[in-house]
Amino acid sequence: MKTRTIAILGATGSIGTQALDIVRRYPEAFKADCLTACGSAEKLFELCRAFRPGVAALVKEPEEIPEDLRSIQWFFGPDSTVRALVASKCQDALCAIVGIAGLDAVWHALDVCERVLLANKEALVTGGDLVMAKAAATGKPLLPVDSEHSAIFQCLQARQGNPVKKLLLTCSGGALRNWKKEDIYHATVRDVLAHPTWNMGGKITVDCASMVNKGLEVIEAHHLFDMPAERIEVVVHPQSVIHSMVEFEDGAVLAQLGMPDMRGPIGYAMGFPHRLPYEAKPLDFAALGHLDFAAPDHDRFPCLGMAIEALKAGGSAPVVLNGANEVAVGAFLREQIPFGRIPEIIRSALDSVPVRAISSISDVYEADRRARECAEKQLGMRNEK
Ligand code: NAD
Ligand code: MG
């Protein structure tokens, strides 16, 4: 494999640092030449010392850049990620920023990079039609990093032009899977951050507990694989060993399995079409003994249904769902609202922000602004805590 240059956008996060583990392991295959983050300057400095990128960016400008890192070309401010990406001329971009804040980077990566490795699902939830159209127009691969979508993408390598009947997205069920409805309402930040199978950033861990994450992933799958909502099924599978499945017209179901470790799907996207000989913990079927499956419980976890409803409504509805969720999750993590307010805030935003057509990225930001305004109004209106 020839060395490829890669920009790690969101380098200090859960996905970013795991991608850098892979770079560390294969120094001849990858050069991380652009590292970006929002505010964790000290962590980014450490990564810059280890990987010596040509370019780096921090949204929040630090007091000063350490002496030994001044030869790096630095960018600061709200658009620093994109400016750094453009300056770096990296061949690949791993988009691992959390939230709609990562949409701009995905959009520009499709202009300036050869391939886009996509972890930032919110970019597709909000700008999916536009991003997919741009990927098609430029002919650039958009390689999924989200484990379910990577699994489906891997299963589809065996498609040989045959039509797909449906996609089956598996789901761990999150930290509150076995909780009673009334207890879920009052789950604390600590309860929710104890995810059973994956170790991830705060926002996505909360999203897993509310199951809005699976809803965002249904929307993501719809865009990536051009599949209507009706042909995407969610299956709760607590062990997270089957990462997702594809059903074909003859009833055959292909699945991709492995121990839960995000370095699997991250490495698959980075190396594609080559599989990196990463020493993942092997699956031991005899030790596992059994795999469990269940239908999602829409009564206890209403966010999944709301996301599917937003996908079916189309236009700005998924942007509104996402924006309201980002505001609600932020407030929950700051312990300003109980967990049970998250679905209520999303519901109210979907009910009160009118659905508009989306024909440009600025339409996306306008819908996001309206959703946030609505969600923030609800936070202010009630005496939370
Ligand atoms: P994280 O919170 O651990 O890291 C987020 C990164 O984005 C950090 O480097 C942060 O500095 C940067 N960032 C945050 N806000 C920013 C902003 N406004 N501008 C620029 N940079 C900003 O998040 P994560 O868990 O690594 O998730 C990243 C993305 O990958 C999310 O969209 C998530 O849904 C998706 N994803 C994560 C996992 C996982 O296992 N963590 C799995 C599948 C998909
Ligand atoms: Mg996932």
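Here the structure is shown first, and the text comes after it.
Residues numbered from 1 in each chain as written. Chains lettered and ligands numbered in written order. Predicted model: local features only at pLDDT ≥ 70, side-chain atom pairs only at ≥ 80, totals over all residues. Heavy atoms only, no water.

Caption draft 1: Representation of the overall build of the protein chain within the structure. If you tally the helices and strands in the protein chain, you get 16 helices and 11 strands. Accessible area for the protein chain stands at about 16,600 Å²; split by element, carbon and sulfur atoms hold 52% of it. If the 41 positive side-chain charges of the protein chain are averaged to one point and the 48 negative ones to another, these points end up 1 Å apart. (Helix = DSSP H or I, 4+ residues; strand = E, 2+ residues; numbered from the N terminus. Areas by Shrake-Rupley, 256 points an atom, 1.4 Å probe, with all protein chains shown as cover. Lys, Arg positive; Asp, Glu negative; His and termini not counted. Charge placed at Lys NZ, Arg CZ, Asp CG, Glu CD.)

Caption draft 2: Region of interest: the coordination of the magnesium ion (ligand 2). Here the magnesium ion (ligand 2) is held by the protein donor atoms Asp146 (OD), Glu148 (OE) and Glu217 (OE), which lie 2.1 to 2.2 Å from it. Every donor residue of the magnesium ion (ligand 2) comes from the same chain, spaced as D-x1-E-x68-E. On the criterion of sequence distance, the pair formed by glutamate 148 in helix α6 (residues 147-156) and glutamate 217 in helix α10 (residues 212-225) is long-range, its members being 69 residues apart. The same class applies to glutamate 148 as to glutamate 217, namely buried. (Donors = N, O, S within 2.8 Å, 3.2 Å for Na, K, Ca; no water. Buried < 20%, exposed > 50% of the residue type's maximum accessible area, 1.4 Å probe, protein only.)

Caption draft 3: Focus on the sheet that holds strand β10 (residues 242-248). Pairing is mixed in the open sheet, where four strands are placed in the order β9-β8-β10-β11. Edge strands, defined here as strands with exactly one partner in the open sheet, are β9 (232-236) and β11 (253-257). Taken over all neighbouring pairs, the strand axes of this sheet differ in orientation by 20° on average, direction set aside. The sheet contact formed by strand β8 (residues 164-171) and β10 spans four bridges and is antiparallel. Its bridge partner lying in β10, leucine 167 is registered against valine 246. Sitting on the sheet, α10 is in contact with β8 and β9, with an inclination near 150° to β8. (Pairing = 2+ DSSP bridges. Axes fitted to C-alpha atoms, helices over the stretch in contact; angles between N-to-C directions. Contact = heavy atoms within 4.5 Å.)

Caption draft 4: Representation of the site of ligand 1 in the model. Thr12, Ser14, Cys38, Glu122 and Gly201 are the nearest of the 23 residues found near ligand 1. One of the backbone N or O atoms of serine 14 is found 2.9 Å from an oxygen atom in ligand 1. Within the contact set of ligand 1, an oxygen atom lies 2.9 Å away from a backbone nitrogen or oxygen of isoleucine 15. Here ligand 1 loses 86% of its free accessible area of 830 Å² to cover by the protein chains. For the shell around ligand 1, a count of residues per class yields 13 nonpolar, seven polar and three charged. (Near = heavy atom within 4 Å. Polar contact = N/O pair within 3.5 Å; in protein donor to acceptor, adjacent residues only side chain to side chain. Nonpolar A, V, L, I, M, F, W, Y, C, P; charged D, E, K, R; others polar.)

Caption draft 5: A look at the nonpolar core. Judged by nonpolar contacts, the single largest core of 130 residues is most densely connected at Leu35, Trp74 and Phe339. Top element by residues in this core is helix α14 (residues 317-333). It accounts for 10 residues. (Core = buried A, V, L, I, M, F, W, Y, C linked by side-chain atoms within 4.5 Å.)

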